[in-house]
Amino acid sequence: MPSFLASDIFKIVEVSNPFPLNLKFVLKDNQPNFNFAQPILYSILLDGKIIYIGFSYEDKQKDIRKSRWTKQLETILFRGYRVGLNKKAYLEFEKSLKHKLDKMEGDSIKIRKTDVMTSLNRIIFASKYWNEIEKLNSKNDTFLKRISFQIEDSPSKNTKRDFQDRVKELIELHKPCCNG
């Protein structure tokens with residue numbers, strides 16, 4: 001099963017949004033030779049432990065790195081410039097992460113609907129690793145070296161439903177902390 005380090009695929013670009021929601025994950029020029037447009041079942045790992053399981057099927061962007069993986073990094077790390085929070089995620093932010101930011105940074109985070117929504121589970125994850133995540137910037141991708149994307153074996157998966165069912169099975173088996 002092919003595996004790719006996040007630091008080999010993405011570079012970090014800082015945007016003008018206020019910290020912490022101020023990073024964009026952009027594809028590096030030198031990419032691995034792999035068909036990222038095909039239907040793909042994948043897991044995201046931190047230090048070799050599965051933290052998220054997902055899939056891409058009939059990808060409109062024809063590239064899972066752009067359509068899914070950038071969004072996953074933005075929301076799981078709580079650093080993406082497009083990240084939005086619903087009420088549950090915001091309440092978890094207030095409980096577990098806001099106190100780790102300075103007052104102005106914490107007060108700038110509000111409930112907002114975007115196409116890149118984080119979740120309660122992802123806020124908990126970000127809070128747990130915040131001492132390292134907060135240091136991410138265009139000159140420091142150290143935490144990305146700990147994250148990998150692994151393509152899961154899916155030879156008998158032909159329909160979107162097949163992929164959904166397999167993801168559900170794998171989530172029940174591995175119980176990744178960032179799903180849901």
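In this report, we go over the structure that sits alongside the text. (Residues numbered from 1 in each chain as written. Predicted model: local features only at pLDDT ≥ 70, side-chain atom pairs only at ≥ 80, totals over all residues. Heavy atoms only, no water.)

## Concerning the overall build of the chain
Then, number 1: Secondary structure summary: the chain contains seven helices and eight strands in total.
Then, number 2: Computed over the C-alpha atoms, the radius of gyration of the chain is 16 Å, within 12% of the 16 Å expected from 2.2 N^0.38 for a compact globule of 180 residues.
Then, number 3: Judged by the C-alpha coordinates and their principal axes, the chain covers about 50 × 35 × 30 Å.
Then, number 4: A burial count over the chain gives 47% of its 180 residues as buried.
Then, number 5: Once local pairs closer than 6 in sequence are excluded, the contacts in the chain between residues at least 24 apart make up 72%.
Then, number 6: Accessible area for the chain stands at about 9,600 Å²; split by element, carbon and sulfur atoms hold 50% of it.
Then, number 7: Treating the 33 positive side-chain charges of the chain as one cloud and the 23 negative ones as another, the clouds have centres 3 Å apart. (Helix = DSSP H or I, 4+ residues; strand = E, 2+ residues; numbered from the N terminus. Rg over C-alpha atoms; globule rule 2.2 N^0.38 Å. Buried < 20%, exposed > 50% of the residue type's maximum accessible area, 1.4 Å probe, protein only. Contact = heavy atoms within 4.5 Å. Areas by Shrake-Rupley, 256 points an atom, 1.4 Å probe, with all protein chains shown as cover. Lys, Arg positive; Asp, Glu negative; His and termini not counted. Charge placed at Lys NZ, Arg CZ, Asp CG, Glu CD.)

## A look at the side chain of Gln 72
Then, number 1: Turning to its location among the elements, Gln 72 is positioned in helix α2 (residues 64–76).
Then, number 2: The buried category is assigned to Gln 72, whose relative accessible area is 3%.
Then, number 3: For Gln 72, the side chain forms a polar contact with the side chain of Arg 122, separated by 2.9 Å.
Then, number 4: Once residues within four sequence positions are removed from consideration, Gln 72 is found in contact with Tyr 42, Ile 44, Tyr 52, Leu 77 and Arg 122. (Polar contact = N/O pair within 3.5 Å; in protein donor to acceptor, adjacent residues only side chain to side chain.)

## Things to note about the sheet that holds strand β4 (residues 40–46)
Then, number 1: What the four strands build is an open sheet, ordered β1-β8-β4-β5; its pairing is antiparallel. Lying at the two open borders of the sheet, with one neighbouring strand each, are β1 (3–5) and β5 (49–56). Here the strands of the sheet are splayed against their neighbours by 25° on average, with no regard to which way each runs.
Then, number 2: Sheet topology note: the β4/β5 ladder contains seven bridges and is antiparallel. Directly across from Leu 41, in β5, lies its bridge partner Phe 55.
Then, number 3: Strands β4 and β5 of the sheet are contacted by helix α7 (residues 160–174), whose axis makes an angle of about 170° with β5. (Pairing = 2+ DSSP bridges. Axes fitted to C-alpha atoms, helices over the stretch in contact; angles between N-to-C directions.)

## Digging into the nonpolar core
Then, number 1: If you look at the biggest cluster of nonpolar residues, it comprises 43 residues, and the most contacted ones within it are Trp 69, Leu 77 and Phe 78.
Then, number 2: Leaving out residues up to four positions away in the same chain, Leu 77 has contacts with Phe 25, Gln 72, Phe 125, Ala 126, Trp 130, Ile 133, Leu 136, Phe 143, Leu 144 and Ile 147.
Then, number 3: If you look at the next biggest cluster of nonpolar residues, it comprises eight residues, including Leu 41, Ile 50, Ile 53 and Leu 170. (Core = buried A, V, L, I, M, F, W, Y, C linked by side-chain atoms within 4.5 Å.)

## A closer look at the side chain of Thr 75
Then, number 1: Relative to the assigned elements, Thr 75 resides in helix α2.
Then, number 2: Among the residues examined, Thr 75 registers a relative accessible area of 2% and is labelled buried.

## So, the packing of aromatic side chains
Then, number 1: For the structure shown, the criterion picks out 15 aromatic pairs.
Then, number 2: Cluster of aromatic residues (ring-pair linked, three or more members): Phe 4, Phe 10, Phe 34, Phe 36, Tyr 42, Tyr 52, Trp 69 and Phe 149. (Phe/Tyr/Trp six-rings, centres within 6.5 Å; stacked < 30°, edge-to-face > 60°.)

## Describing the pairing of β4
Both faces of the sheet carry side chains from a regular strand, because those side chains alternate between them.
Then, number 1: Burial analysis of β4 places seven of its seven residues in the buried class, the great majority of the element.
Then, number 2: Between β4 and the antiparallel strand that follows it, β5, lie two residues; Asp 47 among them carries a positive phi value of about 55°.
Then, number 3: Across six bridges, β4 lies against strand β8 (residues 147–152) in antiparallel orientation. In the strand pairing of β8, Ser 43 is matched with Gln 150.

## Description of the pairing of strand β3 (residues 23–27)
Then, number 1: Residues of β3 alternate between two faces, with Leu 23, Phe 25 and Leu 27 buried on one and Lys 24 and Val 26 left unburied on the opposite face.
Then, number 2: Inspection of the sheet shows strand β2 (residues 10–14) paired to β3 by five bridges, in the antiparallel sense. Bridged to Lys 11 within β3 is Val 26.

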